[in-house]
Number of protein chains: 2
Amino acid sequence: MGFYLLFLVVSLKKIEMNNRSFFLKTIAPVGSLSLIDVDGFATESKSLSKEKVSVWSKPKIIFFDVNETLLDLEPLKKSVVAKLGGNKELGTLWFTTMLQYSLVVTVSSQYFDFGRIGAATLMMVAKNNEIELSEDEAKEAVEPMLSLKPHSEVKEALALLKKAGYLLVSFSNSSNKAVKVQLDHAGITSFFDQILSVEDYGKYKPHLEVYHWAARKMNVENSDCMLVAAHGWDVGGAKWAGWQTVFITRPGQQLFPLAITPDIIENDLLKFAVKILKSS
Amino acid sequence: MGFYLLFLVVSLKKIEMNNRSFFLKTIAPVGSLSLIDVDGFATESKSLSKEKVSVWSKPKIIFFDVNETLLDLEPLKKSVVAKLGGNKELGTLWFTTMLQYSLVVTVSSQYFDFGRIGAATLMMVAKNNEIELSEDEAKEAVEPMLSLKPHSEVKEALALLKKAGYLLVSFSNSSNKAVKVQLDHAGITSFFDQILSVEDYGKYKPHLEVYHWAARKMNVENSDCMLVAAHGWDVGGAKWAGWQTVFITRPGQQLFPLAITPDIIENDLLKFAVKILKSS
């Protein structure tokens, strides 16, 4: 036993700070001591590494990011790209600039509606490319954000999770008003037990306090929460806030290499739902 | 007099929250009451709006952002674009993503070196474009950041301000180590009375607290500080923090439409130096 414990202590060091919470969590439910054998670190470390994305505990609440994660942003991107002279990369640049400025206002202790930040940053990107957009034109270009369709597998996945008794909460940077229109238009409102917008707290995701606010709002601990999102910054922030995280690998989205690895990674929501239901 | 005061009160409302600090400041030095005439709001409002970018008070310290504001980023952008298959827009997307993630870590109560965030986000942008970069390759691509040249007018402008007795401080998101190498290589270290990096506070600009920390560090009030920067988010954040701001309109940079208008806008540093010296 002492021999095993020695490996356990040394391996904790090997896994480093980033994955400590994961490791500590594995010990109880999976019985990681049994993974350790006399072949030493290599085997043990490899086993853990293989298991890394599949060890999680059943959450009390599953939170879902909305834009990109549940809803397909393609029509919005098309509309914006059309205003930017048809250059696809400029559409991605706009979306990134919008996210950057949502955090610029957050760290400046300011708050503006997400749609307004979207229009303002679209005007900036346009101007940098010698395209003058009025505020009204910019607002019009981002309007398709309100009428996006869900990705093809989303309804089936949400229905499965709901049927299994999971509490589902949508948790978005969109304003209260916008997210209600979005979910209604997508026909998925009824799946959610609660619809949360960061607007009520006044700071944008991934501010640490916003995740903690959402957990308090739902009367659970941070460790009872699981966020499902398609953005590296969102799963990164939620994990730093003490939540479990699920990354859905939508095209054009990457994990942030300096963040903690998510607990689960799947390329669509249905695969995630099936996985979590199998293990429940 | 009562008549003028009525206009004064109503016009404060018209100018809205965003520009209140500007307006309050104008009253004393410029004597804005004299701007108000019986033609009513239109004239008064127009006069103020015309004056908006030229009313400021002499600062005790002038702070300078470094990357883009003093140093020409072109060689860095070229190096990064070369790794991204030659697509110029992807270079801009990378820089914006780096800034976004500097704030992602800030709002998550984390801190990583700016160069490391640069390399990590370059790997993300590359992967989204089906280009696999190792961490070493990404680090190599962002290395030109350490050996940038100053924009052509920078030395003359700094020399003028220094000769006139202004206290000059560089204030950068680059790490202490990096910014010292940068300023040395550019041959402009000797102009600065102090070299500040956000690294010492552990949050990236434009976090409100970082500007307040810099003012405290220099033993002055926020109202004694003036920031010169070429990024809309930097002058926006500094203004919200209670500083005076100067926007240098480098190519590819725009003001954030939802921020407070800077006190001075010029298209190069020399023009700013001449303007401030004329009025001193």
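Per chain, residue numbering runs from 1 following the sequence as it is written. As a convention, the first chain written is A and the first ligand written is 1, with the rest following in written order. Confidence filtering applies because this is a predicted model: local features only for residues at pLDDT of at least 70, side-chain atom pairs given and counted only at 80 or more, and all residues used for totals across whole chains, interfaces and linings. Hydrogens and waters are ignored; side-chain quantities use all the structure's heavy atoms.

A.B. asks: Tell me about the pattern of salt bridges, and name the residues and values.
C.D. replies: A side chain with one charge may pair with a side chain of the opposite charge, provided their charged atoms come close. Residues and elements named next belong to chain A. Salt bridge criterion: a side-chain nitrogen from Lys or Arg within 4 Å of a carboxyl oxygen from Asp or Glu. Going through the model one piece at a time under the given rule, you end up with 20 salt bridges over all chains. Its salt-bridge partner being lysine 139, residue glutamate 135 comes within 3.3 Å of it at the nearest N-O pair. One end of the pair is glutamate 135 and the other is lysine 139, both in helix α7 (residues 135-142) and four residues apart, which spans about a single turn. The classification of residues rests on relative accessible area computed with a 1.4 Å probe and restricted to protein chains. Under 20% of the type maximum is buried, over 50% is exposed, and intermediate values are partly exposed. For glutamate 135, a relative accessible area of 40% puts it in the partly exposed group. Every helix listed is a DSSP run of H or I at least four residues long, and every strand listed is a run of E at least two residues long, numbered separately from the N terminus.

A.B. asks: Help me get a handle on the nonpolar core, residues and values and all.
C.D. replies: Counting residues in each nonpolar core, the largest one holds 174 residues, and the members touching the most others are Phe63(A), Phe171(A), Trp243(A), Phe63(B), Phe171(B), Trp243(B) and Phe272(B). Residues within four places of Trp243(B) in sequence aside, it is in contact with Phe63(B), Phe171(B), Tyr211(B), Ala214(B), Ala215(B), Asn222(B), Cys225(B), Met226(B), Leu227(B), Ala238(B) and Asp263(B). To form a nonpolar core, buried Ala, Val, Leu, Ile, Met, Phe, Trp, Tyr and Cys residues must be joined to one another through side-chain atoms within 4.5 Å. Any two residues whose heavy atoms approach within 4.5 Å at even a single point are treated as in contact.

A.B. asks: Explain the relation of the copies chain A and chain B to me, and be specific about the residues and the numbers.
C.D. replies: Our superposition of the copies is a least-squares fit, built on the C-alpha atoms of residues whose pLDDT is at least 70 in both. With an RMSD of 0.0 Å, the operation that places chain A on chain B is a rotation of 180° combined with a shift of 0.0 Å along the axis. As the rotation angle and translation indicate, the two copies are arranged about a two-fold axis. Judged by C-alpha distance, Gln100(A) is the residue of chain A that lies nearest the rotation axis, at 2.2 Å.

A.B. asks: Go over a negative patch on the surface, please, and point to the residues and values.
C.D. replies: Patches here are clusters of residues that have more than 30% relative accessible area and form no salt bridge, with a 9 Å joining cutoff for like charges and a 5 Å cutoff for nonpolar side chains (Val, Leu, Ile, Met, Phe, Trp, Tyr). The Shrake-Rupley method, run with a 1.4 Å probe, gives the accessible areas here. Residue values count only the displayed protein chains as cover. The charged-residue count follows a simple rule in which Lys and Arg add positive charge and Asp and Glu add negative charge, with His and chain termini not counted at all. To locate a charge, the coordinates of NZ of Lys, CZ of Arg, CG of Asp or CD of Glu are taken. There is a patch of like negative charges on the surface, built from Asp136(A), Glu137(A), Glu140(A) and Glu143(A). Within the secondary structure layout, Glu140(A) lies in helix α7.

A.B. asks: Residues and numbers for the sheet that holds strand β6 (residues 264-266) of chain B, please.
C.D. replies: All names here are of chain B. Reading across the sheet, the six strands line up as β3-β2-β1-β4-β5-β6 and stay open at both edges, with parallel pairing between neighbours. Each end of this open sheet is capped by a strand with a single partner; those strands are β3 (194-197) and β6. For this sheet the average axis-to-axis angle between neighbouring strands, irrespective of direction, equals 20°. Interaxial angle, 0 to 180 degrees, is taken between N-to-C directions of lines fitted to C-alpha atoms, where a helix line uses only the stretch in contact. Against the sheet, helix α10 (residues 208-217) contacts β1 (61-64), β2 (167-172), β3 and β4 (225-229), and its axis sits at roughly 150° relative to β3. Helix α11 (residues 232-240) rests against β4 and β5 (244-248) of the sheet, and its axis sits at about 170° to β5. In this scheme, strands are said to pair when DSSP sees at least two bridges between them.

A.B. asks: Tell me about the interface of chain A and chain B, and please be specific about residues and values.
C.D. replies: Counting from both sides, the interface comprises 41 residues of chain A and, opposite them, 41 residues of chain B. We define buried area as the total accessible area lost by two parts upon association, computed with a 1.4 Å probe and summed across both. Summing the contributions of chain A and of chain B, the shared interface buries around 3600 Å²; its carbon and sulfur component is 72%. Per-residue buried area on chain A facing chain B is highest for Val107(A), Gln254(A) and Leu258(A); these three make up 18% of the total on that side. One can count zero salt bridges joining chain A with chain B. Any N or O atom pair separated by 3.5 Å or less is treated as a polar contact, with the protein-specific requirement of one donor-capable and one acceptor-capable atom, and with residues adjacent in sequence counted only for side-chain atom pairs. Counting the contacts that link chain A with chain B gives 12 residue pairs in polar contact (both at pLDDT 80 or more).

A.B. asks: Account for the environment of Glu68(B), with residues named and values stated.
C.D. replies: Residues and elements named next belong to chain B. Examined against the element boundaries, glutamate 68 turns out to sit in the loop between β1 and α4 (74-83). On the accessibility criterion, glutamate 68 (5% relative accessible area) is buried. C-alpha of glutamate 68 to C-alpha of alanine 229: the two residues are 161 residues apart in sequence and 8.2 Å apart in space. Those residues within four positions of glutamate 68 in sequence are excluded, and the remaining contacts are Leu73, Lys77, His151, Ala230, His231, Arg250 and Gln253. Here the side chain of glutamate 68 touches glutamine 253 through a polar contact of 3.3 Å, side chain to side chain.

A.B. asks: Residues and numbers for helix α6 (residues 114-128) of chain B, please.
C.D. replies: Residue and element names in this part refer to chain B. What a helix should span is 1.5 Å times the count of its residues minus one. Given a rise of 1.5 Å per residue, 15 residues ought to cover 21 Å, and the 21 Å separating the end C-alpha atoms of α6 matches this to within 8%. For α6, the set of buried residues is Phe114, Ile117, Gly118, Ala119, Ala120, Thr121, Leu122, Met124, Val125 and Ala126. N-cap assignment for α6: the residue whose side-chain oxygen lies 2.7 Å from the backbone N of glycine 115 is aspartate 113. Glutamate 130 lies just past α6 and shows a positive phi near 55°.

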